[in-house]
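Fold and geometry: a report
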Amino acid sequence: MARILVIEDEEKIARFIELELQHEGYETGKAHDGRTGLDMAESDGYDLVLLDIMLPQLNGLEVLRRLRKTSDVPVIMLTARDAVMDKVSGLDMGADDYVTKPFAIEELLARVRVTLRKRREKTPGDVHVLSAAGVVMNVSSHAVTCRGEEIALTNKEFSLLEMLLSNKNIVLSRDTLLARVWSYDYIGETNVVDVYVRYLRQKIDDRFGIKLIHTVRGVGYMIKDETQ
Ligand code: CA
């Protein structure tokens, strides 16, 4: 069963989350400050981290920034409602998802299940490769290259590119991409998709002088594969 680390300084909330996770059969660990949490996340082999933003010693965003230098363990941020900058920063820095406080425990558990399932689908076994326009994605090893050169992508950028490459020659609407890549409905936040498409274009189209992601005006985005 998956092991989940809860980094949360409010003892009552941390204990509550831990009990609910254990009730679902997960093994849990708990840290009450950012520094201890970072140490545990880096060294104790967790499958998922639930990370509060407002933490003593190191705040959650700083924990995430440091953790991503050494680990791609899935992270769900726990943010204050309306802390839009925290959400955007967290996703930019490689958080897999976030839940706003106060949250219903069922919502948190649903996000945990989705995040763990995505991770399992990515774990090695069969090598799964997607490609278009000279860009090659090895889904199993989470690596993307173009003309043999490695392209460093954040988790969200990778997931978005994977979704587009898995649906070549099909136009995906912003809402579809939001629902599938961000895993639940960000109603009215479709500009998140545009922002991430821009990041991908900077890292791939601009750098290699290719046209990978096409904008279909009024509809969404698509990767074309002329060879199909
Ligand atoms: Ca806190």
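What counts, and where the lines are drawn
- Residues numbered from 1 in each chain as written.
- Predicted model: local features only at pLDDT ≥ 70, side-chain atom pairs only at ≥ 80, totals over all residues.
- Heavy atoms only, no water.
- Buried < 20%, exposed > 50% of the residue type's maximum accessible area, 1.4 Å probe, protein only.
- Helix = DSSP H or I, 4+ residues; strand = E, 2+ residues; numbered from the N terminus.
- Pairing = 2+ DSSP bridges.
- Axes fitted to C-alpha atoms, helices over the stretch in contact; angles between N-to-C directions.
- Parallel < 35°, antiparallel > 145°, perpendicular 65-115°, else oblique.
- Contact = heavy atoms within 4.5 Å.
- Nonpolar A, V, L, I, M, F, W, Y, C, P; charged D, E, K, R; others polar.
- Phe/Tyr/Trp six-rings, centres within 6.5 Å; stacked < 30°, edge-to-face > 60°.
- Lys NZ or Arg CZ within 6 Å of the ring centre and 35° of its normal.
- Donors = N, O, S within 2.8 Å, 3.2 Å for Na, K, Ca; no water.

Digging into the pairing of strand β8 (residues 143-146)
With burial as the criterion, only one face of β8 is covered, namely that bearing Val144 and Cys146; the residues Ala143 and Thr145 on the opposite face remain uncovered. Across four bridges, the pairing between strand β7 (residues 135-138) and β8 is antiparallel. Along β8, the bridge assignment pairs Val136 with Thr145. Between β7 and β8, which pair antiparallel one after the other, the connecting turn spans four residues, and His142 there sits at a positive phi close to 60°. Across two bridges, β8 lies against strand β9 (residues 149-150) in antiparallel orientation. Along β9, the bridge assignment pairs Cys146 with Glu149. Linking β8 to β9, which pair antiparallel, is a turn of two residues; within it Arg147 sits at a positive phi near 50°.

Quick look at the packing of helix α6 (residues 155-166) against helix α8 (residues 191-208)
A packed helix pair is summarised by two numbers, namely the angle formed by the two axes and the spacing between the axes. It is at 10 Å that the axes of α6 and α8 come closest, and there the two elements cross at 90°. Regarding the angle of α6 to α8, the classification is roughly perpendicular. Together, Lys156, Glu157, Leu160 and Leu161 of α6 and Val193, Tyr196, Val197, Tyr199, Leu200, Lys203 and Ile204 of α8 make up the contact between the two elements. Tallied by class, residues from the contact of α6 with α8 come to eight nonpolar, no polar and three charged.

Comments concerning the packing of aromatic side chains
Summed over all chains, the structure comprises two aromatic pairs. With centroids separated by 5.5 Å and ring planes inclined at 75°, the aromatic side chains of Trp182 and Tyr196 adopt a geometry described as edge-to-face. Of this pair, Trp182 sits in the loop between α7 (174-181) and α8 while Tyr196 sits in helix α8, placing them 14 residues apart in sequence. By the burial criterion, Trp182 is buried, and Tyr196 matches it. A ring pair is formed by Tyr196 and Tyr199, whose centres lie 5.2 Å apart and whose planes are at 75°; its orientation type is edge-to-face. Here Tyr196 pairs with Tyr199, and both are found in helix α8, just three residues apart, close to one helical turn. The structure contains a cluster of three or more aromatic residues connected by ring pairs, namely Trp182, Tyr196 and Tyr199. Note that Arg3 overlies the ring of Tyr46, its terminal NZ or CZ placed 4.5 Å from the centroid.

Quick word on the sheet that holds strand β10 (residues 172-173)
Spatially, the three strands line up as an open sheet ordered β10-β12-β11, and their pairing is antiparallel. Edge positions in the sheet fall to β10 and β11 (213-216), since each has one partner strand and no second. Here two bridges tie β10 to strand β12 (residues 220-223), and the two strands are oriented antiparallel to one another. Each residue of the ladder has a partner; that of Leu172, found in β12, is Tyr221.

Regarding the coordination of the calcium ion
Distances from the calcium ion to its protein donors, Asp9 (OD), Asp52 (OD) and Met54 (O), fall at 2.1 to 2.3 Å. Mapping the donors of the calcium ion onto the primary sequence yields the spacing D-x42-D-x1-M. For Asp52, a relative accessible area of 3% corresponds to the buried category. A relative accessible area of 65% means that Met54 is categorised as exposed.

All we've got here are geometric facts, nothing functional implied.
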